[in-house]
Amino acid sequence: MTTIDHRPLADLPAIVTGGANGLGAATACLFAALGAKVIVADIDDARGEALAAQIGGHYRRCDVTSEADFEALVGTCVDRHGWLGCMINNAGQLGALGGIADITLDAWNRTVTVLLTSVFLGTKHAARVMGRNGERGGSILNTASVGGIAALAPHAYTAAKHGVVGLTRSAASELAADGIRVNAVAPGSVPSRLTELAYGGMEAMEAAQRARNPLGTIVSADEIAGCFAWLAGPDGRNVTGQVIAVDSGLTELRLNADYYRKDATFFGRDGIE
Ligand SMILES: NC(=O)c1ccc[n+]([C@@H]2O[C@H](COP(=O)([O-])OP(=O)(O)OC[C@H]3O[C@@H](n4cnc5c(N)ncnc54)[C@H](O)[C@@H]3O)[C@@H](O)[C@H]2O)c1
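Residues numbered from 1 in each chain as written. Predicted model: local features only at pLDDT ≥ 70, side-chain atom pairs only at ≥ 80, totals over all residues. Heavy atoms only, no water.

## So, the packing of helix H4 (residues 105–129) against helix H5 (residues 155–175)
Operational definition: To define axes, lines are fitted to C-alpha atoms, for helices over the stretch in contact only, and angles between the resulting N-to-C directions are given on a 0 to 180 degree scale. Runs of E in the DSSP output that reach at least two residues are strands. Runs of H or I that reach at least four are helices, and both are numbered from the N terminus. Roughly parallel means an angle under 35 degrees; roughly antiparallel means over 145; roughly perpendicular covers 65 to 115; every other angle is labelled oblique. Definitions for this section: a left-handed crossing has its near helix turned counterclockwise from the far helix by less than a right angle. A right-handed crossing has that turn clockwise. Here a residue-residue contact requires only that any non-hydrogen atoms of the pair lie within 4.5 Å. Only Asp, Glu, Lys and Arg are considered charged, only Ala, Val, Leu, Ile, Met, Phe, Trp, Tyr, Cys and Pro nonpolar, and every remaining residue, Gly among them, polar.
Across the interface, H4 lies against H5 with an axial gap of 8 Å and an inter-helix angle of 15°. The pairing of H4 with H5 is recorded here as roughly parallel in orientation. Crossing handedness for the pair H4 and H5: right-handed. Along its contact with H4, which presents Trp108, Thr111, Val112, Leu115, Leu116, Val119, Phe120, Thr123 and Ala127, the element H5 presents His155, Ala156, Tyr157, Ala159, Ala160, Lys161, Gly163, Val164, Leu167, Ala171 and Leu175. Among the residues making up the contact of H4 with H5, the classes are represented as 15 nonpolar, 4 polar and 1 charged.

As structure tokens, then:
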């Protein structure tokens, strides 16, 4: 008989960077509800502390551009819980905007540091304490983006998220021997502060998504959290090196979905030639 485990992440020590808001906050909430011991890591102390208190977790300030902060963050987890089972490298921002000729080197470097170097640092310091001596292993989860799969975002963001996808795969290939799995989720546009900024308001964002996504739906932060929870839990134990797009079909189906639209005028639509 099939039994359902309602706490598949029971006692799993998990860190969520950028955990105070948006996708990270949804992930922190779901992981806690599924039994994980969550450490919310962010630079937004007020919201991070409030959320940690609400879910029975712990808040630790961590600027993801700082290696010292990551060392201290992982140390806090090991001190409190004995190990680190899951690192979710999620913190991010939209970063440098505008045409290629207008982006300053400072803005470019800042964007790549927040979005990509942070994932390198989080992976490095998580791997340092996970799976040492081949004991427990662990799961590293990265928030990529549809902008990490195709040219769907500003230049620096797109380049950095493509880097996150590449690092997910290369880190997975090395760390498999230590029992550490590395995966990424690539969300389509999800209502959050980041997309409100990107689209100039939530209504505009939602209208754009409904018009361009093959499923005509809008992805929610809870769905991204659900995908992370599945990857971190027992049902994800044989999944590594993967980038899972949760994007209403945008990256994979967009072009062919256009062909099948009711109002499409492509030749051959009504016949076999
Ligand atoms: N919302 C979307 O549609 C979407 C789509 C694809 C990918 N993403 C990615 O999801 C992640 C979360 O974004 P979101 O939409 O929830 O945005 P958000 O602005 O709601 O949350 C981002 C969080 O990251 C934190 N943060 C920013 N810079 C930081 C730093 N230097 N150190 C520590 N924390 C920092 C912020 O304080 C905030 O809590 C980002 O990596 C983003 O690129 C979002």
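Text resumes after the structure shown.
## As for the layout of surface pockets
To keep it simple, the criterion reads: For cavity detection a 1 Å grid was placed over the protein atoms alone, and a set of points counts as a cavity when a 1.4 Å probe fits there but cannot get out; an open set counts as a pocket when protein lies on both sides within 12 Å along at least five of seven lines, with lining residues being those that have an atom within 4 Å of a point. Grid points are joined across faces, edges and corners, and a volume is the space filled by probe spheres set on the points.
The volume enclosed by the largest pocket comes to roughly 920 Å³. Where the lining of the largest pocket is concerned, the elements lending two or more residues are helix H1 (22–33), strand E2 (37–42), H4, H5 and helix H6 (193–199). Looking at which element gives the most residues to the lining of the largest pocket, the answer is H6, with 6 residues. Here the residues of the lining of the largest pocket sort into 21 nonpolar, 15 polar and 7 charged. Its volume calculated, the second largest pocket comes out at about 190 Å³. What lines the second largest pocket is simply Ile4, Asp5, Pro8, Leu30, Leu34, Gly226, Ala229, Trp230, Gly233, Pro234 and Asp235. Ranked by the residues each element gives to the lining of the second largest pocket, the list is headed by helix H8 (residues 221–232), at 3 residues. In terms of residue class, the lining of the second largest pocket is built from 7 nonpolar, 2 polar and 2 charged.

## Concerning the state of the cysteines
Selection criterion: What counts as a disulfide here is a pair of cysteine sulfur atoms lying within 2.5 Å.
Tallying each qualifying case throughout the model produces 0 disulfides. Cys227 takes part in no disulfide bond, and the closest cysteine sulfur to it belongs to Cys86, at a distance of 12 Å.

## Examining the nonpolar core
If you look at soluble globular proteins, the nonpolar side chains tend to sit buried side by side. To keep things clear, this is the line we draw: Buried residues of nine kinds, namely Ala, Val, Leu, Ile, Met, Phe, Trp, Tyr and Cys, make up a nonpolar core once their side-chain atoms join them within 4.5 Å. Buried means the residue's accessible area, taken with a 1.4 Å probe over protein chains only, is under 20% of the maximum for its type, while exposed means over 50%, and partly exposed covers the values in between.
Residues Leu9, Phe31, Val38, Val40, Cys86, Leu141 and Ile224 are the most contacted members of the largest nonpolar core, which totals 35 residues. Elements with a contribution of two residues or more to this core: strand E1 (13–17), H1, E2, helix H2 (45–55), strand E4 (86–89) and H8. Of all the elements, H8 adds the most residues to this core, at 8 residues. When neighbours within four sequence positions are excluded, Ile224 is seen to be in contact with Leu23, Val185, Pro187, Val190, Val219 and Val246. Cys62, Ala171, Ala172 and Ile180 belong to the second largest nonpolar core, which has 22 residues in total.

## Thoughts on the sheet that holds E2
Definition in use: Two strands pair if DSSP finds at least two bridges between them.
Taken together, 7 strands build an open sheet; the order of strands is E3-E2-E1-E4-E5-E6-E7 and the sheet is parallel. Strands at the two margins of the open sheet, each flanked by one partner only, are strand E3 (58–61) and strand E7 (243–246). Neighbour-to-neighbour, the strand axes of this sheet turn through a mean angle of 20°, independent of strand direction. Of the strand pairs in this sheet, E2 and E3 are connected by 4 bridges, and their pairing is parallel.

## Some remarks on the site of the ligand
What counts is decided by this rule: Nearness is judged by heavy atoms alone; a residue qualifies as near a molecule or strand once a single heavy atom is within 4 Å of it. Between N or O atoms, a polar contact is any pair within 3.5 Å; within protein, one atom must be a potential hydrogen donor and the other a potential acceptor, and residues adjacent in sequence are included only when both atoms are from side chains. In this description, a molecule resides in a pocket or cavity if more than half of its atoms sit within 2 Å of the grid points defining it.
As a structural note, the neighbourhood of the ligand is formed by 26 residues, with Asp42, Asn90, Tyr157, Val190 and Ser192 the closest of them. Take Gly188: an N or O atom from its main chain is 3.5 Å from an oxygen atom of the ligand. Under a 2 Å grid-point criterion requiring more than half of the atoms, the pocket assigned to the ligand is the largest pocket. For the shell around the ligand, the secondary-structure elements that each account for two or more residues are H1, H5 and H6. With 3 residues, H6 is the largest single contributor of residues to the shell around the ligand.

## A closer look at empty space enclosed by the protein
In the structure shown here, the tally under the stated rule is 1 cavity of 30 Å³ or more. Roughly 30 Å³ of internal volume is contained in the largest cavity. Lining the largest cavity, in full, are Thr17, Val64, Phe70, Asn89, Asn90, Ala91, Ser118 and Val119. Residues belonging to the lining of the largest cavity are distributed by class as follows: 4 nonpolar, 4 polar and no charged.

## Topic: the packing of aromatic side chains
The criterion, for reference: Any two of the Phe, Tyr and Trp rings considered here, Trp counted by its six-membered ring, make a pair once their centres fall within 6.5 Å; the pair's planes then place it as stacked at under 30 degrees, edge-to-face at over 60, or tilted in between. Sitting over a ring, as applied to charges here, requires NZ of Lys or CZ of Arg to be within 6 Å of the ring centre and within 35 degrees of the ring normal.
Taken as a whole, this structure holds 0 aromatic pairs when the rule is applied. Over the ring of Trp83 we find Arg136; its NZ or CZ atom is 4.4 Å from the centre of that ring.

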